[in-house]
Amino acid sequence: VQPVESGGGLVQPGGSLRLSCATSDIFVHAMAWYRQEAPGKQREWVGGIMVDNRTIYSDSVKGRFTISRDVTKNTIYLQMNNLKIEDTAVYYCTSRRAPGTAWQYWGQGTQVTVSS
């Protein structure tokens, strides 16, 4: 049931990138994206999507990032537009089965580097 991320890479400032996260867990209530700038730094919440497709974003990405879901593929996406250098991080996908509980399952992460 561990999520699997893909789609990271190198992009110039102002560019776009789309990350994918696939899960085999059919009991998922919500999924979210976190990012970590460097090893040892705290993971930062980016945004999440609920089972009813409601989405929530952190202020730092609101208006630039969009989370969507493809139910047929058990996959969520993180569309990142107008990327900034400070968006550089390892992006992690996570899921949980019940509201208000800890995020249970984590992917291995995918590197996003924004640089000119």
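Up top is the structure.
Not measured: the values here are computed from a predicted model.

Q: Help me get a handle on the overall build of the chain, residues and values and all.
A: Within the chain one finds zero helices and eleven strands. Its helices and strands taken in sequence order, the chain reads β-β-β-β-β-β-β-β-β-β-β from the N to the C terminus. Here the C-alpha atoms of the chain give a radius of gyration of 13 Å, agreeing with the 13 Å that 2.2 N^0.38 yields for 116 residues. Projected onto the principal axes, the alpha-carbon positions of the chain cover approximately 40 × 30 × 25 Å.

Q: Just give me the short version of the nonpolar core, but keep the residues and values in it.
A: The biggest cluster of nonpolar side chains holds 22 residues, and the ones touching the most others in it are W33, F65, L78, M80 and Y91. Residue assignment for this core shows that the elements contributing at least two residues are β3 (17-22), β4 (30-36), β5 (44-50), β7 (65-70), β8 (75-80), β9 (89-96) and β11 (110-114). Within the second largest apolar cluster, five residues are counted, among which are A30, A32, Y34 and M50.

Q: Describe the layout of surface pockets, listing the residues and the values that go with them.
A: Each pocket or cavity is described by its volume, and for the largest pocket that value is around 200 Å³. For the largest pocket, the lining is made up of 14 residues, of which D25, V28, R69, V71 and N74 are closest to its centre. Those elements that place two or more of their residues in the lining of the largest pocket are β4, β7 and β8. The residue makeup of the lining of the largest pocket, split by class, is seven nonpolar, four polar and three charged.

Q: Got a sec to walk through the side chain of E5? Specific residues and values, please.
A: You can see E5 is positioned in strand β1 (residues 4-6). There is no salt bridge for the buried E5, and the closest opposite charge comes from R43, which lies 7.3 Å off by N-O distance. At 2.7 Å, the side chain of E5 and the backbone nitrogen of C93 are in polar contact. A polar contact of 2.9 Å, which involves the side chain of E5, links it to the backbone nitrogen of G109.

What counts, and where the lines are drawn
- Residues numbered from 1 in each chain as written.
- Predicted model: local features only at pLDDT ≥ 70, side-chain atom pairs only at ≥ 80, totals over all residues.
- Heavy atoms only, no water.
- Helix = DSSP H or I, 4+ residues; strand = E, 2+ residues; numbered from the N terminus.
- Rg over C-alpha atoms; globule rule 2.2 N^0.38 Å.
- Core = buried A, V, L, I, M, F, W, Y, C linked by side-chain atoms within 4.5 Å.
- Buried < 20%, exposed > 50% of the residue type's maximum accessible area, 1.4 Å probe, protein only.
- 1 Å grid on protein atoms, 1.4 Å probe; cavity = no way out; pocket = protein on both sides within 12 Å on 5 of 7 lines; lining within 4 Å.
- Points joined across faces, edges and corners; volume = space filled by probe spheres on them.
- Nonpolar A, V, L, I, M, F, W, Y, C, P; charged D, E, K, R; others polar.
- Lys, Arg positive; Asp, Glu negative; His and termini not counted.
- Salt bridge = Lys/Arg side-chain N within 4 Å of Asp/Glu carboxyl O.
- Polar contact = N/O pair within 3.5 Å; in protein donor to acceptor, adjacent residues only side chain to side chain.

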